[in-house]
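Examination of the molecular architecture
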Amino acid sequence: MDTPRSSPLPRVLLLEDDAVSAAFLADAIAMLPAEVDVATDAATARQLARRGAYDAWLFDAEVADGDALGLLHALRAAGRGAAALAHTADPLPARVAALEAGGFLAVLAKPLRVDVLHAVLHDALRGTPAPGVAEPALSWPADSDGVWDDAAARRVSGDDGAVRRLRALLLRELPAVEDTVLGARVDRDRAGLRLCLHRLRAACGFTGAARLGHAATRLARHPSDDDAWQAFLAALEATRRAPVG
C-alpha cells in the first residue's frame, strides 16, 4: 500500500551511498522544492519504493549491494512507477547507453550544479527529459597541486557555506575511506577498491578536492602502481590537514 501524500510537493527517492554526494543531492532536491527520501543502499531503496509513491527516482548507477539497472527492473516488475533518472561519476558512453536502454530517462554525471539537477528533475516530472549526460564530470589537470579548487567547488555547490559544510563532511569520511582502500590493497580486492574510489571521486568533485580527486582518478586507472598509491596517500593526508576555507 502506498504511503499517503502529506504535501502537494513532488516526492523523490534518492539512492546514493556516498555521504558527501547524498548531502549535496538531497539538499538540492529539497530546494526544487520537493520532498526527498534518501537510501544509502539498493535494498533500502527497493523497500522505500515498494512502500511509498514517488514522482521520481534518482538512482546511483552503482552501489555496493547492486546497481541502478537491476533495481529499476525489479521495481518495474513489481508494478512500481516513477520517472527514473540515473547518476554516475563515470559517465562512459557504454554505461550511459546501457542505462538509457534499460529504462532511465536521462543520466546525470557527478558532480553537477544545482541548476542542472533542477532542470533535469523539472523535465522528468513533466515527462520531457533530454536523453544523454546532463553534465560533464569535473576533472583536474594532471599537475593539480592545490588541495582545494575553490572556484570549481563554488560552480558546483553554489556558495561558500555549502562548500564548507560538504568539505567538513568529506573530512569526517576520510578515515573510513583510507581503511577501505588499504584493506582492498591487502586483500587484492580490485572491485572494492574501484567502488570506493568511484564514490570518492564524486565527493571530491562536489567539494573541489582537486589534489585528492586527481590522485583517486590516477589510482583507479593504475591500481598496481606504487607511485599512484604514494600519491594517493599523500593527497589524502594533505586534504585531511587542510582548512576547509
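Check the entry above for the structure.
Here's what I pulled together on the structure shown here. All residue numbers refer to position in the chain's written sequence, counted from 1. Given that the model is predicted, a residue must reach a pLDDT of at least 70 before its local features are reported, and side-chain atom pairs must reach 80 or more before they are shown or counted; all residues, however, enter totals for whole chains, interfaces and linings. Remark: hydrogens and water are excluded; side-chain values derive from all non-hydrogen atoms of the structure.

**What about the nonpolar core?**
The following threshold applies: Within this scheme, the nonpolar core is defined by two criteria: the residues are buried Ala, Val, Leu, Ile, Met, Phe, Trp, Tyr or Cys, and they are joined through side-chain atoms within 4.5 Å. For every residue, the accessible area (1.4 Å probe, protein chains only) is compared with the maximum for its type, and the residue is labelled buried under 20%, exposed over 50%, or partly exposed between those bounds.
Core analysis: the biggest nonpolar cluster contains 53 residues, and Leu117, Leu200, Leu212 and Phe232 have the highest contact counts within it. Grouped together as the second largest cluster of nonpolar side chains are 23 residues, Ala42, Leu72, Leu99 and Val107 included.

**Observations regarding the state of the cysteines**
Formally: What counts as a disulfide here is a pair of cysteine sulfur atoms lying within 2.5 Å.
Under the criterion given, the structure shown has zero disulfides. Residue Cys196 stays outside any disulfide, its sulfur separated by 10 Å from that of Cys204, the closest cysteine. Overall, the relative accessible area of 5% leaves Cys196 in the buried class. The buried category is assigned to Cys204, whose relative accessible area is 0%.

**So, the packing of aromatic side chains**
Put simply, the rule reads: Within 6.5 Å between ring centres, the rings of Phe, Tyr and Trp (the latter by its six-membered ring) count as paired, and their orientation is classed by plane angle as stacked under 30 degrees, edge-to-face over 60, tilted in between. Criterion for a charge above a ring: Arg CZ or Lys NZ at most 6 Å from the ring centre, at most 35 degrees from the ring normal.
Taken as a whole and judged by the stated rule, the model has three aromatic pairs. A ring pair is formed by Trp57 and Phe59, whose centres lie 5.7 Å apart and whose planes are at 10 degrees; its orientation type is stacked. By relative accessible area, Trp57 is classed as buried at 1%. Joined through ring pairs, the aromatic side chains of Trp57, Phe59 and Phe104 make up one cluster. Sitting over the ring of Tyr54, Arg11 keeps its end group 4.4 Å from the ring centre.

**A word on the sheet that holds strand S2 (residues 35-39)**
For clarity, the threshold we go by: Only strands that DSSP links by at least two bridges are regarded as paired with each other. Numbering of helices and strands runs from the N terminus; a helix is a DSSP stretch of H or I covering at least four residues, while a strand is a stretch of E covering at least two. Fitting a line to C-alpha atoms yields each axis, with helices limited to the stretch in contact; the angle taken between N-to-C directions then spans 0 to 180 degrees.
Reading across from one edge, S2-S1-S3-S6-S7 is the order of the five strands in this open sheet, with parallel pairing throughout. Here the strands that pair on one side only, and so sit at the sheet edges, are S2 and strand S7 (106-109). Here the average twist between neighbouring strands, direction ignored, is 20 degrees. Direction of pairing for strand S1 (residues 11-15) relative to S2: parallel, over a ladder of five bridges.

**Notes on helix H9 (residues 210-221)**
One turn of an α-helix holds 3.6 residues; hence residues three or four places apart share an orientation. Worth spelling out the cut-off: Under the convention used throughout, the expected extent of a helix is 1.5 Å for every residue step, that is, one less than its residue count. Residue contacts are counted whenever heavy atoms from the two residues lie within 4.5 Å of one another.
Here H9 spans 17 Å end to end across 12 residues, near enough to the 16 Å set by a 1.5 Å rise per residue. Within H9, burial applies to Ala210, Leu212, Gly213, Ala215, Ala216, Thr217 and Leu219. Where the residues of H9 are buried, they touch helix H7 (160-187), helix H8 (190-207) and helix H10 (226-241).

**Points about the environment of Ala89**
Take Ala89: it is sitting in the loop between strand S6 (83-88) and helix H4 (93-101). Counting along the chain gives 27 residues from Ala89 to Glu62, while the straight-line C-alpha distance between them is 9.5 Å.

**So, the environment of Asp67**
What counts, and what does not: Here a polar contact is taken to be a pair of N or O atoms separated by no more than 3.5 Å, where protein atoms must pair a possible hydrogen donor with a possible acceptor and residues adjacent in sequence count only if both atoms sit in side chains.
Tracing the chain through its elements places Asp67 in strand S5 (residues 66-67). Residues Asp67 and Ala42, 25 residues apart in the sequence, show an inter-C-alpha distance of 7.3 Å. Among all residues touching Asp67, those that are not within four sequence positions of it are Ala61 and Glu62. For Asp67, the side chain forms a polar contact with the main-chain nitrogen of Leu69, separated by 3.1 Å.

**Some thoughts on the packing of helix H2 (residues 42-51) against helix H3 (residues 68-77)**
Which entries qualify depends on this criterion: The cut-offs work like this: below 35 degrees is roughly parallel, past 145 is roughly antiparallel, 65 to 115 is roughly perpendicular, and the gaps in between are oblique. Two helices cross in a left-handed way if the nearer one is turned anticlockwise from the farther one by less than a right angle. They cross in a right-handed way if the turn is clockwise. Residues are grouped as follows: Ala, Val, Leu, Ile, Met, Phe, Trp, Tyr, Cys and Pro are nonpolar; Asp, Glu, Lys and Arg are charged; all remaining types, including Gly, are polar.
Between H2 and H3, whose axes approach to 11 Å, the crossing angle comes to 25 degrees. With respect to their mutual orientation, H2 and H3 come out roughly parallel. Pair H2 / H3 crosses with right-handed handedness. For the pair H2 and H3, contact is made by Ala42, Ala45, Arg46, Ala49 and Arg50 and by Leu71, Ala74 and Leu75, respectively. The residue inventory of the contact of H2 with H3, partitioned by class, reads six nonpolar, no polar and two charged.

**A few points about the pattern of salt bridges**
For clarity, the threshold we go by: For this analysis, a salt bridge means a side-chain nitrogen from Lys or Arg found within 4 Å of a carboxyl oxygen belonging to Asp or Glu.
Applying the stated criterion across every chain, the model contains 15 salt bridges. The partner of Arg199 in a salt bridge is Asp17, with the nearest N and O atoms 3.2 Å apart. Residue Arg199 is located in helix H8, and its partner Asp17 is located in the loop between S1 and helix H1 (19-30); the two are separated by 182 residues in the primary sequence. We classify Asp17 as buried; its relative accessible area is 18%. With a closest N to O distance of 2.6 Å, Asp123 and Arg126 form a salt bridge. Here Arg126 and Asp123 lie together in helix H5 (residues 114-126), a separation of three residues that amounts to about one turn. Salt bridges sharing partners connect three or more residues here, namely Glu178, Glu237, Arg240 and Arg241.

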